[in-house]
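# Per-entry structural report
One-letter residues, chain by chain:
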Amino acid sequence: MSSTLPAPLRRLAGLVNAGPGELAAALSGFALFFCLFAGYFMLRPIRESMGVMGGVENLQWLFSATFVVMLAAVPLFAWLNSRVPRAHFIDWVYGFFSLNLLLFAALFVGAEENVWLARTFYVWLSVYNLFVVSVAWSLMADVFDGPQARRLFAFIAAGASVGGLTGPALSTLLVAALGQAGLLALSAGLLLAALALKQYLMHWRAIGGAGRPGAPPSENPRRPVPGNPFSGLTRVLGSPYLLGVGAFVILLATVSTFLYFEQARLVAELFPERSEQIRVFGLIDFVVQAGALLSQLFITGRIAERLGVRVLLACVPVLMCLGFLALALLPIFAVLAPLMIVRRIGEYAFVRPGREMLFAPLDAESKYKAKNFIDTVVYRGGDALSGWVKSGLDLLGQGAWLAALVGAACAALWGLLGWRLGGRADREAPAARDGTP
């Protein structure tokens with residue numbers, strides 16, 4: 001109980017809004033995301049420079065290749081999820097990706113400038129990031145119930161921001177000594193540390209930390225998740241609510257992709273040297289993670305409790321709509337860079353925690369299979385489709401203003417849908433607190 005904690009820990013529990021017995025689990029969730037994002041953001045500047053090395057004009061092909069790999073990988077992971085007890089599913093996933101990281105580390109020794117290796121790594125890291133983050137949030141939605149999610153997810157997501165700040169710093173400090181291969185090996189070690197933290201969280205859940213009395217047998221983490229390799233797809237198609245979440249993610253991916261392509265084009269024009277590109281991408285990452293961390297610690301939880309999930313999901317799209325209109329009038333890097341930073345801060349600090357709150361009250365099949373399908377196939381499908389749309393708009397030769405206007409329209413629809421989905425979560429929150437179905 002919190003009353004038995006030393007005074008500093010009681011103050012910390014109050015700061016992060018943790019209830020009795022929840023502080024250790026909240027800190028473990030924070031640390032897990034720290035490990036994941038520190039490892040990923042050590043590698044992200046390398047991925048971005050490799051995307052530019054492969055040709056900015058070929059980015060839509062890399063996005064399409066990522067989508068195809070997702071189509072092949074999701075049924076395999078869903079098949080594994082149907083046969084491995086839920087308590088051990090992440091062991092298999094993170095173990096597999098740790099071996100992948102070590103394999104790329106070996107390949108990068110002496111072959112860092114190989115363009116096909118660069119393209120392969122770009123696609124693989126895009127797949128890797130979505131999978132490890134998606135299953136981590138599935139774990140959080142499994143461990144914490146709806147009311148706990150509203151109180152704790154912002155703090156847990158702050159671990160991702162601290163990791164995102166630490167990762168680029170580690171990359172900058174260690175790349176000369178370890179090289180790209182060494183950074184990959186270090187990232188594998190951090191992924192294994194996240195796996196150890198997962199063990200504690202599942203233990204905490206098993207001893208009743210999440211308070212799920214009377215859960216059906218299918219929710220037992222010692223059993224595999226029900227369904228078949230394609231039940232994530234069928235679950236989404238059979239639920240208007242999950243279809244709405246999928247549409248929300250497609251619009252999110254569209255807005256992100258339009259900005260990403262413009263960023264790649266302008267960076268390639270303004271910073272022709274690869275070392276300069278890595279510094280620019282690293283600086284943007286640092287600013288984004290610092291802003292996201294401050295927002296997660298001091299703003300997100302207060303918005304969720306006082307204004308509701310609908311505000312978390314709608315405020316960033318509104319800002320993006322206004323930003324795209326500004327970009328249509330003045331398509332320069334000085335406008336794009338702040339817009340890109342605001343979009344990414346908003347996604348990490350507001351949109352992502354709010355999106356995960358939508359899954360907390362759902363069953364295990366929705367949390368693991370439907371959610372994984374949305375986070376990977378739907379997200380990368382939106383990436384691929386919007387990448388080709390953006391390339392088509394560029395071919396029309398009308399300049400950046402046309403793509404910016406299309407982006408503004410997508411952001412407006414994104415905000416409207418976020419308001420409606422968040423409104424449902426807000427209406428269901430009192431029932432969840434009362435324990436009513």
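- Under an unreviewed UniProt entry, the name given to the protein is MFS transporter, and the organism recorded is Azotobacter chroococcum.

## Remarks on the overall build of the protein
- What the protein contains, in helices and strands, is 13 helices and zero strands.
- Element order for the protein, N to C, with α for helix and β for strand: α-α-α-α-α-α-α-α-α-α-α-α-α.
- Here the protein holds 437 residues, and 59% of them are scored as buried.
- Intrachain contacts of the protein at a sequence separation of at least 6 include 86% that bridge at least 24 residues.
- With the model as given, the accessible surface of the protein reaches about 17300 Å², and the carbon-plus-sulfur share is 70%.

## Digging into empty space enclosed by the protein
- What the rule picks out here adds up to four cavities of 30 Å³ or more.
- Its boundaries defined by the atoms lining it, the largest cavity holds a volume of some 570 Å³.
- Lining the largest cavity are 32 residues, and of these Arg44, Asn129, Glu347, Tyr348 and Tyr379 lie nearest its centre.
- Among the elements of the structure, α2 (23-53), α3 (59-81), α5 (115-143), α6 (146-206), α8 (240-270), α11 (333-357) and α12 (364-395) are those that each provide at least two residues to the lining of the largest cavity.
- Here the lining of the largest cavity is built from residues that sort into 15 nonpolar, seven polar and ten charged.

## Side note on the side chain of Arg205
- Positionally, Arg205 belongs in helix α6.
- A distance of 3.0 Å separates a polar side-chain atom of Arg205 from the backbone oxygen of Asp142.

## Concerning the confidence of the model for the protein
- When pLDDT is averaged along the protein, the result is 82; 87% of the residues meet or exceed 70.
- Highest mean pLDDT in the protein belongs to helix α10 (residues 309-329) (93); lowest belongs to helix α1 (residues 7-16) (73).
- Considering only residues more than four positions removed or in separate chains, one finds that residues 210-218, a stretch of pLDDT under 50, has 17 contacts.

## Points about the packing of aromatic side chains
- A full pass over the atoms with the stated rule returns 24 aromatic pairs.
- Centre to centre, the rings of Phe248 and Trp414 are 5.9 Å apart; their planes meet at 55°, and the pair counts as tilted. Linking Phe248 in helix α8 with Trp414 in helix α13 (residues 400-434), this pair joins segments that are 166 residues apart in sequence.
- Residue Trp414 is classed as buried on the basis of its relative accessible area of 0%.
- Of the aromatic side chains, those joined through ring pairs into one cluster are Phe33, Phe37, Tyr40, Phe41, Trp137, Phe144, Phe153, Trp204 and Tyr348.

Definitions and cut-offs
Residues numbered from 1 in each chain as written. Predicted model: local features only at pLDDT ≥ 70, side-chain atom pairs only at ≥ 80, totals over all residues. Heavy atoms only, no water. Helix = DSSP H or I, 4+ residues; strand = E, 2+ residues; numbered from the N terminus. Buried < 20%, exposed > 50% of the residue type's maximum accessible area, 1.4 Å probe, protein only. Contact = heavy atoms within 4.5 Å. Areas by Shrake-Rupley, 256 points an atom, 1.4 Å probe, with all protein chains shown as cover. 1 Å grid on protein atoms, 1.4 Å probe; cavity = no way out; pocket = protein on both sides within 12 Å on 5 of 7 lines; lining within 4 Å. Points joined across faces, edges and corners; volume = space filled by probe spheres on them. Nonpolar A, V, L, I, M, F, W, Y, C, P; charged D, E, K, R; others polar. Polar contact = N/O pair within 3.5 Å; in protein donor to acceptor, adjacent residues only side chain to side chain. pLDDT = per-residue confidence, 0-100. Phe/Tyr/Trp six-rings, centres within 6.5 Å; stacked < 30°, edge-to-face > 60°.

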